[in-house]
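Listed below, chain by chain, are the residues.
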Amino acid sequence: MHKIHLHKNVKAILLMLFISVILLTPMLIHRTAILGIDSYFQLNRVYEAAMQIKHQNFSFLNLYSFQQSGRIVNETYSPLAGYFFGFLLLIAGNWFKFEIISSLLIFFTAGISVYAALNKLKVSFKASIATGALYMTSISIYGYLLGGNWRALAMALVPLLVIPMVDFYHANWSLKAMLRTGIIVAAVTQMQLVTMILALPVLIVPFLFGFFRSNQKLKALLNGVLAAFTALILSLNIILPYLELAKNNTIVPPVAMQLDKVTMDLIVPKPDRLDLTVCGFVFYIAIAGLIMFWHKIAPITRMISIFGIIYIILGTSLLPWRSIGQHFINLQNFLQMPIRFTLIGIPLLFIGTVAMFVEVAQFEKRENLKEVVSFIAITLSLISAGSFLVTLNNRVKQYKDPNVSIVQGLNTIDENAVVGQYKGKQLHNVTDLQPLLHTHDVSGLITSVDRITPDYLPVPVADYSKVKFYGEYRQEVAEQRRHYQHVVKPNGVLELRWQGKQSGERTVPAVAYARTKVIFNQKKLDNDKLKVTPAGSLKLNQKQGQNVLKLQYVPAKATMLGVLVATFSWAIALIAIVVLAIRKRTQY
């Protein structure tokens, strides 16, 4: 028999897929889906995208989700990623299969991104695979599965930022490198804009180092601008819709959080969380390595490691986050959680530390030391994977426990959830959700339970200290929407129908933005004269009998053009990536 020889990149892909499947075994064995604190918010977005694709009815409005109240959520929060996951839902057919496929995809992407970054730093295959596996089981990534945190999508791509960091530092201003940089930055931005904004310093610093050391400053500047322009063009579909809403409306920002309450001290050992303990161990190893072997480590590797350490520290209580939050109030809404810095720092820390000790081994010309580095990386990845599997298995057992309520399963409170019925049966506990998670009727999960999230609502005043948006939205929309008939019409038109017992003013579970076309009982209403509640719900003068409210959002032509340009540009970029990958593969 001929021995099959696979290229190392093919081996890496197969290994990462295998590891991803292993990490999902508790769910696969028990055939049990789980949800987290942010799951309902994200699944509403995925369901919306799936239905818009299925019915070929595209709109800025969320026509099928978020209580069908005329809100705009998808267009302000990674819309292309939402459509991609919506397409996955249509292929999967039910929420359980979707959760398995999407989680596998995120695990795999995280692992292969670390592998690609370490490959750029010329780290050995074993160490690269082990570090990728270690990152896959870190809190930066498993937050998607255990908590429904969408930022894990961005975190899965953050390791790729190491590639432009290396290019910048070594003054590689080639057209290929700069276009690649623009695509990587845009890809992270597509997943979560906040993550890319917080991570920007890791690119700016090496760019400045490379620029001032370069003899080709004009080329560096021009091609650097090209990279930024590429990222901007590919991100227009996120930037322009948000700017349009922010300019013409007062919208509810993400809820403000007390910054010092949401830090993560990875520098303190946590015996009950081995995955976090492993991160802390690597943190101290990185510091010790920098002190001991500074002159034996490549400058760019030092830089990556230092950024990892700094970001880890930024996410801890070592910083006076309470005072910072009091002086910079908007940070409580924008940053919300300093642990975002920690999540970005983890992949940089892992990549920098492994590359550091591989370089020390090369400097000392000790091949056996490289094996030691790989051995330690593999050991730590096994410890972290074991910790994750135990945690996931416990969560699966929780979702098989009839004594656990739906609210407890979502890690929220009663005030932030409205639990309804499914096929005439009142839902009570998490075991009642499993039929909804396995049925092909994916609408059941969305319409039977409402997780209150008032983000991006158009309101008169966006001030949480003056208006209890969660409570008001629950009372005016989530608890009232079942008394109305919702009909989705072509061309992005959402209809609300109801029977008025008597004429007079009525608060309707619907909202309108400045560019929302509002037609009530066949009469177009002037948006400037609309009466709304503090939570943004429309107050209309109903008539006795049948009432019909039609909502349709009409974006500005410039905004729509930007969305189309970004979408078309992504299509070109993806085709180019595939073609280049095939051409490179034929050269193996």
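If you're wondering where the values come from, they're calculated on a predicted model, not measured in any experiment.

A. Quick look at the nonpolar core. Among the nonpolar cores identified, the biggest contains 185 residues, and Phe85, Trp95, Phe98, Leu121, Leu161, Leu433 and Leu549 are the most heavily contacted of them. Top contributing element to this core by residue count: helix α19 (residues 339–364), with 14 residues. Those residues in contact with Leu121 that sit more than four places away from it in its chain are Val162, Val166, Thr301, Ile304, Ile351 and Ala355.

B. Quick look at empty space enclosed by the protein. Scanning the entire structure with this criterion turns up four cavities of 30 Å³ or more. Lining the largest cavity are 16 residues, and of these Ser39, Leu43, Phe98, Glu99 and Tyr144 sit closest to its centre. Looking at the lining of the largest cavity, the elements that each hand over two or more residues are α3 (39–55), α5 (95–120) and α7 (139–147). Residue composition of the lining of the largest cavity, grouped by class: eleven nonpolar, four polar and one charged. Here the second largest cavity is characterised by a volume of approximately 50 Å³.

C. Structural context of unusual backbone geometry. If you check the backbone angles, Lys122 has positive phi at about 60° while not being a glycine. Within the secondary structure layout, Lys122 lies in the loop between α5 and α6 (125–136).

D. Quick peek at the sheet that holds strand β11 (residues 538–542). Across the sheet, which stays open at both edges, the three strands sit in the order β7-β11-β10 with antiparallel pairing between neighbours. Of all the strands in the sheet, just β7 (504–508) and β10 (531–532) have a single pairing partner and so form its edges. The pairing of β7 with β11 spans five bridges and is antiparallel. Its bridge partner lying in β11, Gly504 is registered against Gln542.

E. Broad picture of the pairing of strand β5 (residues 485–489). Relative to strand β6 (residues 493–500), β5 is paired through five bridges, and the arrangement is antiparallel. Paired with Gln485 across the strands is Arg497, a residue of β6.

F. Quick look at the packing of aromatic side chains. Per the counting criterion, the structure on display carries 26 aromatic pairs. On the numbers, 5.2 Å between centres and 55° between planes, the contact of Phe85 with Trp150 is tilted. Here the residue Phe85 occupies a position in helix α4 (residues 79–92), and Trp150 occupies one in the loop between α7 and α8 (151–157), the gap between them amounting to 65 residues. No difference in accessibility class separates Phe85 from Trp150, as the two residues are buried. Measuring from ring centre to ring centre gives 5.7 Å for Phe107 and Phe388, while their planes differ by 75°; the resulting arrangement is edge-to-face. Of this pair, Phe107 sits in helix α5 while Phe388 sits in helix α20 (residues 367–398), placing them 281 residues apart in sequence. When sorted by exposure, Phe107 lands in the same class as Phe388, which is buried. Among the aromatic residues, ring-to-ring pairing joins Phe84, Phe85, Trp95, Phe98 and Trp150 into one connected group. In this structure, Arg213 is placed above the aromatic ring of Tyr169, and the distance from its NZ or CZ to the ring centre is 4.7 Å.

G. Representation of the side chain of Ser214 within the structure. Relative to the assigned elements, Ser214 resides in the loop between α12 (201–213) and α13 (217–234). Reaching out from Ser214, the side chain makes a polar contact with the side chain of Trp173 at a distance of 3.2 Å. Residue contacts for Ser214: discarding those within four places in its chain leaves Ala171 and Trp173.

H. Spotlight on the layout of surface pockets. Taken as a whole, the largest pocket encloses approximately 2400 Å³ of empty space. Lining of the largest pocket is provided by 50 residues; of these, Leu160, Ile183, Leu574, Ile577 and Ala581 occupy positions nearest its centre. At the level of secondary structure, the elements contributing two or more residues to the lining of the largest pocket comprise α1 (8–23), α4, α5, α8, α10 (175–191), α13 and α25 (557–585). The residue inventory of the lining of the largest pocket, partitioned by class, reads 35 nonpolar, nine polar and six charged.

I. Quick peek at a nonpolar patch on the surface. A cluster of nonpolar side chains, contributed by Phe281, Ile285, Val372, Phe375 and Ile376, occupies part of the molecular surface with about 440 Å² of accessible area. Put simply, the parts of the chain that give the nonpolar patch at least two residues each are α15 (274–293) and α20. Within the secondary structure, Ile376 is located in helix α20.

J. Quick look at the environment of Tyr135. Counting through the fold element by element, Tyr135 comes out in helix α6. Placed 216 residues apart in sequence, Tyr135 and Ile351 show a C-alpha to C-alpha distance of 9.3 Å. Excluding anything up to four places from it in sequence, Tyr135 contacts Ala110, Val114, Ser140, Ile141, Met155, Ala156, Pro159, Ile346, Pro347 and Phe350.

K. Spotlight on the pattern of salt bridges. Taken as a whole and judged by the stated rule, the model has 15 salt bridges. In this structure, the salt-bridge partner of Glu364 is Lys296, at a minimum N-O distance of 2.3 Å. With Glu364 in helix α19 and Lys296 in the loop between α15 and α16 (299–314), the pair connects residues that are 68 residues apart, well separated along the chain. On the basis of relative accessibility, which here comes to 33%, the residue Glu364 falls in the partly exposed class. For Glu505, the salt bridge is made with Lys539, and the minimal N-O distance between the two is 3.8 Å. Pair noted here: Glu505 is in strand β7 and Lys539 is in strand β11, with a separation of 34 residues, a long-range link.

L. Molecular detail of the environment of Pro164. Within the secondary structure layout, Pro164 lies in helix α9 (residues 162–169). Expressed as a C-alpha distance, the spacing of Pro164 and Val442, which sit 278 residues apart in the sequence, is 40 Å. Among all residues touching Pro164, those that are not within four sequence positions of it are Thr181, Ile184 and Leu203.

Conventions adopted
- Residues numbered from 1 in each chain as written.
- Predicted model: local features only at pLDDT ≥ 70, side-chain atom pairs only at ≥ 80, totals over all residues.
- Heavy atoms only, no water.
- Core = buried A, V, L, I, M, F, W, Y, C linked by side-chain atoms within 4.5 Å.
- Buried < 20%, exposed > 50% of the residue type's maximum accessible area, 1.4 Å probe, protein only.
- Helix = DSSP H or I, 4+ residues; strand = E, 2+ residues; numbered from the N terminus.
- Contact = heavy atoms within 4.5 Å.
- 1 Å grid on protein atoms, 1.4 Å probe; cavity = no way out; pocket = protein on both sides within 12 Å on 5 of 7 lines; lining within 4 Å.
- Points joined across faces, edges and corners; volume = space filled by probe spheres on them.
- Nonpolar A, V, L, I, M, F, W, Y, C, P; charged D, E, K, R; others polar.
- Pairing = 2+ DSSP bridges.
- Phe/Tyr/Trp six-rings, centres within 6.5 Å; stacked < 30°, edge-to-face > 60°.
- Lys NZ or Arg CZ within 6 Å of the ring centre and 35° of its normal.
- Polar contact = N/O pair within 3.5 Å; in protein donor to acceptor, adjacent residues only side chain to side chain.
- Patch = residues over 30% accessible without salt bridge, like charges linked within 9 Å, V, L, I, M, F, W, Y side chains within 5 Å.
- Areas by Shrake-Rupley, 256 points an atom, 1.4 Å probe, with all protein chains shown as cover.
- Salt bridge = Lys/Arg side-chain N within 4 Å of Asp/Glu carboxyl O.

Limitation: the analysis is restricted to geometry and does not speak to function.
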